[in-house]
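This is what each chain is made of:
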Amino acid sequence: MEVLTKGIDIYQSKMPALSDIPQDDVIRKKVLGSYLQKEILQYVDLSMKDTKKDIKESISKIIGFCIEIEAFNYLLENIEPQFEEKNYGDLFLAELEPFILCDKIRNVELSTDKIIKIIDVYKKNKNYDLLSQLLIHLNIQSIDNETIKNLCEEISLLNPLIYIYNHGKQEDYFEPIN
């Protein structure tokens, strides 16, 4: 864990680099990013041996590390499947929540399928208030509006419904009133 923290500090130029670390930002980030991805993967392997509570904390840290080194695709393509394989896929998706709510993750980085999975997790757990907030924080213009509208109407999510109509492709300000 300490290696990752210090590595990210060097990656972001918050800590003086060692002699073999390139000073040029682009080169340093490329070299260190690759190294840190391998370290994160080792951390994933270690965290799989923990309790569910510890795994939840680890997932949050792993997501944070990947965001810090701009490796979100790596997170979704290489790390998430490992949690899925161990039946922690829903927990992984739920841990994306704070990062979505503070706009560190937008749907530009999330595929439509991933967003639908997140929606299903919150719908399955009947956590509609958080689902409502997530839908507002995601840039849902690229998602099929009818699917989202039907979901919002089905479980009475008024705020995202208004948001969709007002910020959607058609910008319909009157339909939510009907």
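Structure: see above.
The notes below deal with the structure included here.

About the criteria used
Residues numbered from 1 in each chain as written. Predicted model: local features only at pLDDT ≥ 70, side-chain atom pairs only at ≥ 80, totals over all residues. Heavy atoms only, no water. Helix = DSSP H or I, 4+ residues; strand = E, 2+ residues; numbered from the N terminus. Buried < 20%, exposed > 50% of the residue type's maximum accessible area, 1.4 Å probe, protein only. Axes fitted to C-alpha atoms, helices over the stretch in contact; angles between N-to-C directions. Parallel < 35°, antiparallel > 145°, perpendicular 65-115°, else oblique. Left-handed = near helix turned anticlockwise from the far one by under 90°. Contact = heavy atoms within 4.5 Å. Nonpolar A, V, L, I, M, F, W, Y, C, P; charged D, E, K, R; others polar. Salt bridge = Lys/Arg side-chain N within 4 Å of Asp/Glu carboxyl O. Phe/Tyr/Trp six-rings, centres within 6.5 Å; stacked < 30°, edge-to-face > 60°. Core = buried A, V, L, I, M, F, W, Y, C linked by side-chain atoms within 4.5 Å.

**Details of the environment of Thr 5**
Stage number 1. By the element assignment, Thr 5 lies in helix α1 (residues 2–11).
Stage number 2. Thr 5 gets classed as partly exposed once you look at its relative accessible area, which sits at 37%.
Stage number 3. Separated by 31 residues in sequence, Thr 5 and Leu 36 have C-alpha atoms that sit 9.7 Å apart.

**Structural notes on the packing of helix α2 (residues 25–47) against helix α4 (residues 72–85)**
Stage number 1. The N-to-C vectors of α2 and α4 enclose an angle of 15°; their axes lie 10 Å apart at closest approach. By the angle between their directions, the pair α2 and α4 is classed as roughly parallel. You can see that α2 and α4 cross each other, and the crossing is right-handed. From α2, Gln 37, Lys 38, Ile 40, Leu 41, Val 44, Asp 45 and Ser 47 reach across to α4, where they touch Tyr 74, Asn 78, Ile 79, Gln 82 and Phe 83.
Stage number 2. Residue classes in the contact of α2 with α4 are distributed as 6 nonpolar, 4 polar and 2 charged.

**Here's the deal with the pattern of salt bridges**
Stage number 1. This model, assessed by the stated rule, comprises 8 salt bridges.
Stage number 2. One salt bridge connects Glu 70 with Lys 29, and the closest N-O pair in it is separated by 3.7 Å. One end of the pair, Glu 70, is in the loop between α3 (52–68) and α4; the other, Lys 29, is in helix α2, and 41 residues separate them in sequence.
Stage number 3. A relative accessible area of 60% means that Glu 70 is categorised as exposed.
Stage number 4. A relative accessible area of 31% places Lys 29 in the partly exposed class.
Stage number 5. The salt bridge partner of Glu 95 is Lys 56, with a shortest N-O separation of 3.8 Å. A residue pair is termed long-range when its members are at least 10 positions apart, and Glu 95 in helix α5 (residues 89–95) and Lys 56 in helix α3 qualify at 39 residues.

**Thoughts on the packing of aromatic side chains**
Stage number 1. Overall, the coordinates contain 1 aromatic pair when judged by the stated rule.
Stage number 2. Consider the rings of Phe 83 and Phe 92, whose centres lie 5.8 Å apart with planes at 25°: the pair is stacked. Phe 92 carries the same exposure label as Phe 83, and that label is buried.

**Here's the deal with the environment of Asp 129**
Stage number 1. Here Asp 129 shows up in helix α8 (residues 128–137).
Stage number 2. We classify Asp 129 as exposed; its relative accessible area is 64%.
Stage number 3. Each C-alpha atom of the pair Asp 129 and Leu 157 lies 8.2 Å from the other, and the pair is 28 residues apart in sequence.

**Brief notes about the nonpolar core**
Stage number 1. Residues Ile 40, Ile 62, Ile 79, Phe 83, Phe 92, Leu 96 and Leu 110 are the most contacted members of the largest nonpolar core, which totals 54 residues.
Stage number 2. No other element matches α3, which puts 7 residues into this core.
Stage number 3. In contact with Leu 110, not counting residues within four places along its chain, are Phe 72, Leu 76, Leu 96, Ile 100, Ile 105, Ile 115, Ile 118 and Leu 138.

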